[in-house]
Every structure is written in C-alpha cells, then in structure tokens.
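The chain contents come next:
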Amino acid sequence: MYYVSTRDAGRRLTASQAIVEGLSRDGGLYLPEEIPQLTMDEIKALAALSYPERAARLMKRYLDEFTEEELLGFAKSAYGPAKFDTPAAAPVVKLTENTYIQELWHGPTCAFKDMALQMLPYLLTASLRKTGEEKTVCILVATSGDTGKAALEGFRDVDRTKILVFYPDGGVSEMQKLQMVTQEGKNVGVCAVRGNFDDAQTGVKRIFSDEALREELAGRGYFLSSANSINWGRLLPQIVYYVSAYCDLLNAGTIEAGTRVNFCVPTGNFGNILSGTVISALIYAALVAANSALFHLLASSMYVALIVTIVGLIPLIIGFTKKKKKLKILGIIVTVLGVLAILTCLGVHYPWLTIGIPAIPSLYFDWFSGCIQAFIFCTLTTLFIKQAAG
C-alpha cells in the first residue's frame, strides 16, 4: 500500500517512508491511496482478541512492510501493564441505557493521546530501520496541553530521536505546563510560544516547509518529523480504539453484528475525528463517526465566504458604473478574498498563502454567530462605500 499527499497525488511513498517524513514537504497530509474494508466476520474475529492483538491485526492492513508478529510485539510493549493500568487499554463503560463511554485515559499521562503516542515511537524507529535512514530524527510537536506531555513521555530516551514541544504561553493549564517542563529524558525539550495553539502549529508547519533549514539539519545529521496528528503513524493507532469499542459492544451483547453505532467525539484539532472518519470507510456497514462541529465549521466558513464575495461585488459594480476608482479597488480586493475563501472551502490549497482565508471566521461558531459576523462585515463595507462615494 502506498501513501499520497493530500496536496500532490504525485508524492507517493511507502508506509515507513510516510511515517518517517511525517508531514509532506508540500504541506499536505500523507493518507493511504485506498481504505481496506473489514467484513462483519472479520470484526467478529477481532472481538475475540485482546487489545494488542486487535491493534496488530488492524495496523497490518495499512503497513505492508511490517509483519503482524512485529506489530504485535510493539502493541504489547505500548499497551502492556508497564504503561496501562488495565489489560483492556481502552475499556467501554455503560453510562445510560443507550450511551456508553470509552475510557481513553488509562495510559501513563492520563490523556487519550497515549493511545497513539505510546505506539508511534515503535513505528517510527522501525520505519527508520526499514528505510535505511541513518540520521537522527528531530520530532517537532505543537500542543494545546495534553499532546505535549504524552509525546514527551512516549519518546523519552528513545534511541536516535530528539523531541521538541511547542506550547502557547498561558494557553495551557498549570498542571499541563508542569507536566511538560518537568519531563525527564536526555532527548526532550519544551518551548513556550507567544500566541495560541494555531500560532504554534503554523510555526511548526513553516519549519517543515523550510527547505534551507532542512538542508542545514541534514548536514548536521538530523531530519524533521512530527508526532502530531499530521503523521500517519499517529493517526493509525487511533483508528484501533474505534474498532475496539465496537468489538467490546459486541462482546457485551449490547449490539448485534451489523448494528450501526454513532460516535460522539470531543475533538479539538480534528485529529481524533479524522481517525473515526477513516474507520467509517473501513468498516462495512458498521460505524458512523458523527461530529456536528465539523459540519458547522465547513458550512459556516462557506457561508461567510459567499457573503464576502457578494459584498465585494457591490462596490465593484458601483465603482465601474459611476467611475469611482476607490470603489473599484475595494470591490476587487474584497471579491478576490471571497473567491479565494470559497475555493479554500472546496479544498483548493495555496502554498503561498500563510493563513487560509476561512480562518476569518473562528473555528467554532454556528449559523447564528456566522450571520452576526457577516452582518458586521456588511455594515463596515457599507460605511466605507458611503465614504468613498461621498
């Protein structure tokens, strides 16, 4: 199986190469060319296995270069009693009649990120061997709190790795900060960033896209990779616990094989829900990953983009009909921004554009707040038009 960049299908790598590289040099994510499907018979077989065995069998579907025995060894080390306080690793607990909670906090840092970041070091170091990479990997991580500690703990003193975590100064809890700055290990580092998490993440992506820096690091025997959800080696282990939850519901007799299950996912940067989305395509007629925030993000961003475009056309038309130069310039600028926003919402990417146009609205808002922002934008534009026309 090969992996391609979401921004350039011509960038085609093996699984180990994609894990080593992390983020594609063009800024895209590496995703598999195809999603292998599971039948209900295969899901029933998985239900009879332990969590490490489920992890090994599922990951093997995506990692052709790894043997199932090799992956099982990794999984037993990652999810064993030395790291997790329950053999189930991610047990499912009944809350109400039709509501269950999957506990993802049994790892060493009590964060759900442990489910992936205890496995990623094994996948990465094995991928280094398989690709013949001799340089030391320098792992860059942006965190809003829990990813940082989980990544630091996962890569602590792992051979041929160094890890540097960036967190927003004042943007994490005091406990999370203390967890990171007191982390033990000879290969770990932590850095506070003035700004929010998006600023930290944007900075990390800029570093990955800096060819001059990449060449300088290569000359010193280092190369860059990531432990954020932009690395397939981080996303893949997260897929496992979605399937495992379904298996546990089968074993408990809560559902029958083939029953559809809704997953309500508290996700911030959409890495978690992305894994669930892959699973909805992986399992044949079994799972549906649901998250209304993702829908509202896409819908409201497109809504505001359309409003911006329409508002831009108004001064553009008036400027040409009444020969007002200021209105022409305003109309052209706003219309271009609106068109770029629409194209970005439709999946078109601009490597030269540092911040995506849909970032104009905030990441979390509904139709009501979207309308308010559009109203404010229209009001300000109208005032500008009156001033320019006057």
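This paragraph deals with the overall build of the protein. For the protein, the helix and strand inventory stands at 15 helices and eleven strands. Counting over 390 residues, the protein shows a buried share of 48%. Taking all contacts inside the protein whose residues are at least 6 apart in sequence as the whole, residues at least 24 apart take part in 69%. Working note: accessible area of the protein is about 19,100 Å², and carbon and sulfur atoms make up 59% of it.

Turning our eyes to something else, we now look at the sheet that holds strand 2 (residues 12-14). As summarised here, the arrangement of the three strands in space is 2-1-3, forming an open sheet in which the pairing is antiparallel. Looking at which strands have only one partner, the edges of the open sheet turn out to be strand 2 and strand 3 (30-32). Neighbour-to-neighbour, the strand axes of the sheet open up by a mean angle of 40 degrees, direction not taken into account.

Further remarks concern the pattern of salt bridges. This model, assessed by the stated rule, comprises 13 salt bridges. Arg156 is the partner of Glu153 in a salt bridge, and the nearest nitrogen-oxygen pair spans 3.4 Å. Using a relative accessible area of 33% as the deciding quantity, one classes Arg156 as partly exposed.

What follows is about a nonpolar patch on the surface. On the surface, Leu178, Val181 and Val190 cluster together to form a nonpolar patch covering roughly 210 Å² of accessible area. Residue position: Val190 is located in strand 8 (residues 188-193).

Let us look at the packing of aromatic side chains. Evaluation of the coordinates by the stated rule reveals seven aromatic pairs. A ring pair is formed by Tyr62 and Trp232, whose centres lie 5.5 Å apart and whose planes are at 55 degrees; its orientation type is tilted. Placement of Tyr62 in the loop between helix 3 (51-60) and helix 4 (68-78) and of Trp232 in helix 11 (residues 232-251) is noted, with a sequence separation of 170 residues between them. The class of Tyr62 is buried, set by a relative accessible area of 1%. Taking 5.3 Å as the distance between ring centres and 25 degrees as the angle between the ring planes, the aromatic pair formed by Tyr241 and Tyr242 counts as stacked.

Those residues of helix 4 that sit buried are Glu70, Leu71, Phe74, Ala75 and Ala78. Each buried residue of helix 4 sits inside an arc of 135 degrees when the element is viewed along its axis, so together they form one side. Turned more than 90 degrees off the buried face of helix 4, the exposed positions are Glu69 and Lys76. Lining the buried residues of helix 4 we find helix 3 and helix 6 (120-131).

Helix-helix packing is described using two parameters, namely the angle between the two axes and the distance between the axes. One can describe the packing of helix 2 (residues 40-47) onto helix 3 by two numbers: an axis separation of 9 Å at closest approach and a directional angle of 145 degrees. In contact with Ala45, Leu46 and Ala47 of helix 2, helix 3 contributes Arg54, Arg57 and Leu58. Within the contact of helix 2 with helix 3, the residues separate by chemical class into four nonpolar, no polar and two charged.

This part takes up the sheet that holds strand 9 (residues 222-226). Strand order in the open sheet formed by four strands is 8-7-6-9, with parallel pairing between adjacent strands. Looking along the sheet, the strands with just one partner apiece sit at the ends: strand 8 and strand 9. Going across the sheet, the axis of each strand differs from the next one's by a mean of 25 degrees, ignoring polarity. The sheet contact formed by strand 7 (residues 161-168) and strand 8 spans six bridges and is parallel. Pairing of Pro168 across the sheet is with Val193, part of strand 8. Running over the sheet, helix 9 (residues 197-209) touches strand 6 (136-142), strand 7, strand 8 and strand 9 and is turned about 155 degrees from strand 6.

This brings us to the confidence of the model for the protein. Model confidence for the protein is summarised by a mean pLDDT of 79, while 73% of its residues fall at 70 or above. The weakest mean pLDDT in the protein belongs to strand 11 (residues 287-290) at 36; the strongest belongs to helix 3 at 96. Between residues 283-298, whose pLDDT stays under 50, and residues either more than four places distant or in other chains, the model counts 45 contacts. pLDDT under 50 marks residues 350-369. Its contacts with residues more than four places away, or in other chains, come to 31 contacts.

What follows is about the side chain of Ser16. Along the chain, the position of Ser16 falls in helix 1 (residues 15-21). A distance of 3.4 Å separates polar atoms of two side chains, one belonging to Ser16 and the other to Thr14. Those residues in contact with Ser16 that sit more than four places away from it in its chain are Glu65, Ser127, Lys130 and Thr131.

With that settled, the discussion passes to the nonpolar core. Ranked by size, the top nonpolar core spans 69 residues in total, and within it Met59, Leu63, Tyr79, Met115 and Leu123 carry the most contacts. In terms of residues, this core owes the most to one element, helix 11, which gives 13 residues. Each residue touching Met115, except ones within four places of it in the same chain, is listed here: Tyr51, Tyr79, Phe84, Ala89, Ala90, Leu104, Pro237 and Tyr241.

Both strand 4 (residues 92-96) and strand 5 (residues 99-102) contribute to a ladder of four bridges, which runs antiparallel. Directly across from Lys94, in strand 5, lies its bridge partner Tyr100. If you look at the hairpin formed by strand 4 and strand 5, you'll find two residues sitting between the two strands.

Parameters at a glance
Residues numbered from 1 in each chain as written. Predicted model: local features only at pLDDT ≥ 70, side-chain atom pairs only at ≥ 80, totals over all residues. Heavy atoms only, no water. Helix = DSSP H or I, 4+ residues; strand = E, 2+ residues; numbered from the N terminus. Buried < 20%, exposed > 50% of the residue type's maximum accessible area, 1.4 Å probe, protein only. Contact = heavy atoms within 4.5 Å. Areas by Shrake-Rupley, 256 points an atom, 1.4 Å probe, with all protein chains shown as cover. Pairing = 2+ DSSP bridges. Axes fitted to C-alpha atoms, helices over the stretch in contact; angles between N-to-C directions. Salt bridge = Lys/Arg side-chain N within 4 Å of Asp/Glu carboxyl O. Patch = residues over 30% accessible without salt bridge, like charges linked within 9 Å, V, L, I, M, F, W, Y side chains within 5 Å. Phe/Tyr/Trp six-rings, centres within 6.5 Å; stacked < 30°, edge-to-face > 60°. Arc of directions from axis to C-beta. Nonpolar A, V, L, I, M, F, W, Y, C, P; charged D, E, K, R; others polar. pLDDT = per-residue confidence, 0-100. Polar contact = N/O pair within 3.5 Å; in protein donor to acceptor, adjacent residues only side chain to side chain. Core = buried A, V, L, I, M, F, W, Y, C linked by side-chain atoms within 4.5 Å.

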